[in-house]
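# Architecture at a glance
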Amino acid sequence: MSELESGSKKNMTPALTAIIVLLVVLLGTMTYLWSSKNGALKEATKKNEELQADIEEMNKMMAPFLGSETTNDLMSDFTNMMDTYDALIKKDASKSDSLTAQKDKIQGLMTELESAKKNGRVTASLIAKLKRENETLRQIMISYVKQIDQLNTMNLKLTSELDETSTQLAETKNERDTYKTEAEQSAEQVKKGSKLAAYGFTSTGLRMKLNDTTEPTTKARNCVQAKSTFTIGENTIATAGDRSVYMQIIDPDGKTLQGRSGGTASATDGNIVYSAKRDIQYNNKSLDVTIFYDFNGEEPVKGNYKVKIFCDGQAIGSDSFTLK
């Protein structure tokens, strides 16, 4: 062996020794850690077994309280809540979606309880959980009941106020109709009261004298005019002012005489045909009026003539005369 090879072996020996020592230390450390973890795992497994035994022991102890009576009570509570939610949906359809969501939760709990009973897995933890869920859903239900009752109370109040307002409107309408009727009646009474009246009639035919004056006549052959004289009475509630007074003369044949002075005028019951008219100034005092009708050279027929006087569209008096 050469000196070079001998020197190389001498240099490698300390390095190899160091590596071996390091590996031994690492192996020891890993062995220690594995031993510690293995001990912790065994300890955890032991505690889990003890806890499971405690749970089984607790379930055995709680068995008398987890029987059919307890589950039936829970199922009855769930069923009653389902019925209540159905009633709430009928009362307020606007909350149908949220109420139906709560019903779905209840149905899920009922299904879970039925499955546990069927498979013999009704445990204290399950019952505790279902009771907590039951209480939560009950509180939610109570909240909905309060909300809907408040809304119903408000609706009843609004309905009552609306009915009261409708009643008041009806009463107001009745009062208005009453006032309107009374006003119309008063207006009618005023209208009747303000109607003018003619009286003290003197109606006759007239003949022409030689001095171009006229005098009354009852002879048809020499009658050239007809005259009606009357008094329009005092009326303090009538409107003072200008008036047109119309005279209508109806001959024995029922024909209204119409000469140059005749025409038509509006009246309460429609238009009237008049024989002559006279414009007056009425100041609410008694006023004497005379109206003439000219036969214009035509000889009037013999018989009875009716005279009617109109003013303000109403008949205010009548008279007659006869020509032989």
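Every chain's residues receive numbers from 1 upward, in the order its sequence appears when written. Given that the model is predicted, a residue must reach a pLDDT of at least 70 before its local features are reported, and side-chain atom pairs must reach 80 or more before they are shown or counted; all residues, however, enter totals for whole chains, interfaces and linings. The side-chain numbers reported here are obtained from all heavy atoms of the structure, hydrogens and water having been left aside.

## Observations regarding the overall build of the chain
Labels follow the DSSP assignment, with helices taken as runs of H or I lasting at least four residues and strands as runs of E lasting at least two, numbered in each case from the N terminus. For the chain, the helix and strand inventory stands at four helices and ten strands. Its helices and strands in sequence order give the chain the pattern α-α-α-α-β-β-β-β-β-β-β-β-β-β, from N to C terminus. Any residue under 20% of the maximum accessible area for its type is buried, any over 50% is exposed, and the rest in between are partly exposed; the area is computed with a 1.4 Å probe on protein chains only. Residues counted as buried form 26% of the 324 residues belonging to the chain. Of the contacts made within the chain by residues no fewer than 6 positions apart, 69% connect residues no fewer than 24 positions apart. The protein chains shown are the only cover counted for residues, whose accessible areas, like all others here, come from Shrake-Rupley with a 1.4 Å probe. Accessible area for the chain stands at about 22,000 Å²; split by element, carbon and sulfur atoms hold 54% of it. For this analysis, residues touch if any pair of their heavy atoms sits within 4.5 Å.

## Concerning the sheet that holds strand 3 (residues 225–232)
Adjacent strands of a sheet pair through backbone hydrogen bonds, lying either parallel or antiparallel. The strand order across the open sheet built from four strands is 2-1-3-8, with neighbouring strands paired in antiparallel fashion. The sheet is open, and its two borders are formed by strand 2 (214–217) and strand 8 (287–294), each paired with just one other strand. Neighbour to neighbour, the strand axes of the sheet diverge by 35 degrees on average, direction disregarded. With eight bridges joining them, strand 3 and strand 8 adopt antiparallel strand pairing. Pairs of strands are assigned from DSSP output, requiring at least two bridges between the strands. Here an axis means a line fitted to C-alpha atoms, over the contact stretch when the element is a helix, while the angle between two N-to-C directions is reported on a 0 to 180 degree scale.

## Let's talk about the pairing of strand 6 (residues 270–274)
Here strand 5 (residues 263–267) pairs with strand 6 via five bridges, running antiparallel. By the bridge assignment for strand 6, Ala265 is matched with Ile272. If you look at the hairpin formed by strand 5 and strand 6, you'll find two residues sitting between the two strands.

## Remarks on a positive patch on the surface
Note on patches: the residues involved have over 30% relative accessible area and no salt bridge, like charges join within 9 Å, and the nonpolar side chains Val, Leu, Ile, Met, Phe, Trp and Tyr join within 5 Å. Whenever Lys or Arg places a side-chain nitrogen within 4 Å of a carboxyl oxygen from Asp or Glu, that contact is recorded as a salt bridge. Charge counting follows a simple rule: Lys and Arg are positive, Asp and Glu are negative, and His as well as the terminal groups are ignored. Every charge is mapped to an atom, namely NZ of Lys, CZ of Arg, CG of Asp or CD of Glu. On the surface, Lys219, Arg221, Lys302 and Lys324 cluster together into a patch of positive charge. Tracing the sequence through the fold places Lys302 in the loop between strand 8 and strand 9 (303–311). Taking the relative accessible area as the measure of exposure, Lys302 reaches 61% and is therefore exposed.

## Focus: the sheet that holds strand 10 (residues 314–323)
Strand order in the open sheet formed by four strands is 7-4-9-10, and the pairing between neighbours is antiparallel. At either end of the open sheet lies a strand with only one pairing partner, and these are strand 7 (276–282) and strand 10. Pairs of neighbouring strands in the sheet enclose a mean axial angle of 20 degrees, with direction left out of account. The pairing of strand 4 (residues 241–250) with strand 9 spans six bridges and is antiparallel. Its bridge partner lying in strand 9, Gln248 is registered against Lys308.

## Remarks on the pairing of strand 10
Pairing of strand 9 with strand 10, which is carried by nine bridges, proceeds in the antiparallel orientation. When the sheet's bridge partners are listed, Asn304 is paired in strand 10 with Thr322. The antiparallel hairpin formed by strand 9 and strand 10 contains two residues in its connecting segment, where Asp312 sits at a positive phi of about 55 degrees.

## Topic: the side chain of Gln102
Looking at the secondary structure, you find Gln102 in helix 3 (residues 96–118). On the basis of relative accessible area, Gln102 is assigned to the buried category, the value being 9%. Setting aside anything within four residues of it in sequence, one finds Gln102 in contact with Tyr85, Leu137, Ile140 and Tyr144.

## Observations regarding the nonpolar core
Of all hydrophobic cores here, the largest spans 27 residues; its most connected members are Phe230, Ile232, Val245, Met247, Ile249 and Ile309. Listing elements by their share of this core, those giving two or more residues are strand 1 (198–208), strand 3, strand 4, strand 7, strand 8, strand 9 and strand 10. If you tally residues by element for this core, the top one is strand 9, at four residues. Apart from residues lying up to four places away in sequence, Phe230 is in contact with Ala198, Tyr199, Gly200, Phe201, Val245, Leu287, Asp288, Val289, Ile291 and Ile309. The nonpolar core is taken to be a set of buried Ala, Val, Leu, Ile, Met, Phe, Trp, Tyr and Cys residues, with the residues joined through side-chain atoms within 4.5 Å.

## A few points about helix 3
Over its 23 residues, helix 3 runs 32 Å from end to end, which matches the ideal 33 Å to within 8%, given 1.5 Å per residue. Those residues of helix 3 not exposed but buried are Leu99, Gln102, Lys103, Ile106, Leu109, Met110, Leu113 and Ala116. Where helix 3 ends, the next residue or the one after it, Gly120, has phi of about 65 degrees, a positive value. One less than the number of residues in a helix, times 1.5 Å, gives the span that helix is expected to have.

Read these as spatial facts, not as claims about activity.
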